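# A structural walkthrough
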Amino acid sequence: MLPAAVLRSPHAHARIRSIAASAARALPGVVCVLTGPEALEHTGPMAAFCAEPVPQTAIATETVRYPGEAVAVVATPDRYVAEDARALIVVDYEVLEPVVDPIAAMEPAAARVHDTLDSNVVFHRSLDFGDVEGDLARAATVVRRTGRWHRMCATPLETAGALASWDPYTGAMTVWSNSNFYNFLPWVFAGILGVPTNRLRLIPCTVGGSFGSKHLIMQVVAIAGALSKATGRPVRYLEDRFDNLAANDNTGPDRHYDAQLALSADGEMIGLTLKIIDDYGAYFQFAHGQHGNAMAQPTGPYRIGSLRYDVSCVLTNKVQQGFFRGAGADPGNLILERLVDAAAEELAIHPAEMRPRNFIQPDEFPYKIPTGNVYDSGNYAAVLDRALEIADLKHWKAEQERLRAEGRYLGIGLATCQE
């Protein structure tokens, strides 16, 4: 079995002029070095679940589009030698203008992340549910806030990995991996590896930490598979910490919100508008999928009658967004709760009173929210009461006042979310 190591781009956006790998190949112990075009002789591009022409390969072929994108891979009997060989590979880059601000990336004159696209905005849709304009017009108060949910990723103790063993005589591939998507999409792995589905064996290993980060780990499978085909030997590729942080398949969302909450004079929530700019990074592999989950619960636990959901998916020179814990719903919870707090402050209603006033009541279930999703059951007021009891809010309010007299500040947060 051969362990593998990956050489990654230091640039956010650059054209690959040439790759000199002769010194790496001449290092004693090196069995194989593959560049992007060479890897494509053995495996195919990554699967894409979008209609837009945003092709992605496990190893970049002509252009790198985010810092850490793979440009070459090495297999040797010793991982330390693989690291040494990787350092001997020389890449000549033509550095291009990086696109890092998703809002600026929407401008017609912005540099393109992909030349195949007319714009960095790969998806835009605005959907109204209910009488949004009417509710805004009749509202006594419209609270508006902007906010950002910052990008994040899982950092499991065991990173993503795969061990691929190719049998050239039968045309079969066996893959051991800590992916947790074996039964759902085996045909995806077969397509990437270039083997028929009845010639692919996927053997589950203990997943360890995932939180969504190991759902569909395609790059590690493709890299191990390409090297196994090229060498005729089993190859194991397990991300190191840098690999995982810089170039994992499933980074969380990075969203900018411009949101409004319409309310009646007595604090009844009647309408919500969400204008979202979502930074998807360099590839649109899973399309706008995270917003499907977000739209299952955009109005949270509240009786909000209308909703405008306006989303723009934008490409930038960053590692791609994938499926991460919550699968895209948590950012919506954040901005909605910020609006509720702002409304409580503006209307001089305590946040712990504003929320129950607008909760869906137990006798109203099953309850259909504006997008059509049906909540089957719940008792939100009872949950909030119990949370406030456990937290002992009165104690902390008194402590807050006492500390403030000393010039110290204690923050108290309250949120109620539907999942």
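Structure: see above.
The structure contained in this document is the topic of the report that follows. Treat the numbers as computed from the prediction; the structure is a model and nothing was measured.

Conventions we followed
Residues numbered from 1 in each chain as written. Predicted model: local features only at pLDDT ≥ 70, side-chain atom pairs only at ≥ 80, totals over all residues. Heavy atoms only, no water. Helix = DSSP H or I, 4+ residues; strand = E, 2+ residues; numbered from the N terminus. Contact = heavy atoms within 4.5 Å. Buried < 20%, exposed > 50% of the residue type's maximum accessible area, 1.4 Å probe, protein only. Phe/Tyr/Trp six-rings, centres within 6.5 Å; stacked < 30°, edge-to-face > 60°.

### Section: the environment of Leu-2
Tracing the backbone shows Leu-2 in strand β1 (residues 2–8). Beyond its immediate sequence surroundings of up to four residues, Leu-2 is in contact with Val-31, Ala-75, Thr-76, Pro-77, Thr-231, Arg-233, Pro-234, Val-235 and Arg-236.

### With respect to unusual backbone geometry
A cis geometry characterises the amide bond from Phe-365 onward to Pro-366, with omega recorded as -5 degrees. On the secondary structure map, Pro-366 appears in the loop between α11 (351–358) and β16 (367–368). The residue Ala-287 is not glycine, and still its phi comes out positive at about 55 degrees. Structurally, Ala-287 is set in the loop between β14 (269–279) and α9 (289–294). Under the relative-accessibility criterion, Ala-287 is labelled buried at 10%. Backbone geometry places Asp-392, a non-glycine residue, at a positive phi of 55 degrees. With a relative accessible area of 39%, Asp-392 lands in the partly exposed category.

### Overview of the packing of aromatic side chains
If you walk through the whole model with that rule in mind, you get 7 aromatic pairs. When the centroid spacing of 5.9 Å and the interplanar angle of 10 degrees are considered together, the rings of Phe-49 and Phe-286 count as stacked. Of the two residues, Phe-49 is situated in the loop between α2 (36–39) and β4 (63–64) and Phe-286 in the loop between β14 and α9; the sequence distance between them amounts to 237 residues. By relative accessible area, which is 32% here, Phe-49 ends up partly exposed. Measuring from centroid to centroid gives 6.4 Å for Tyr-66 and Tyr-283, while their planes differ by 85 degrees, and the two rings are edge-to-face. In this pair, Tyr-66 sits in the loop between β4 and β5 (70–75) while Tyr-283 sits in the loop between β14 and α9, placing the two residues 217 residues apart along the sequence.

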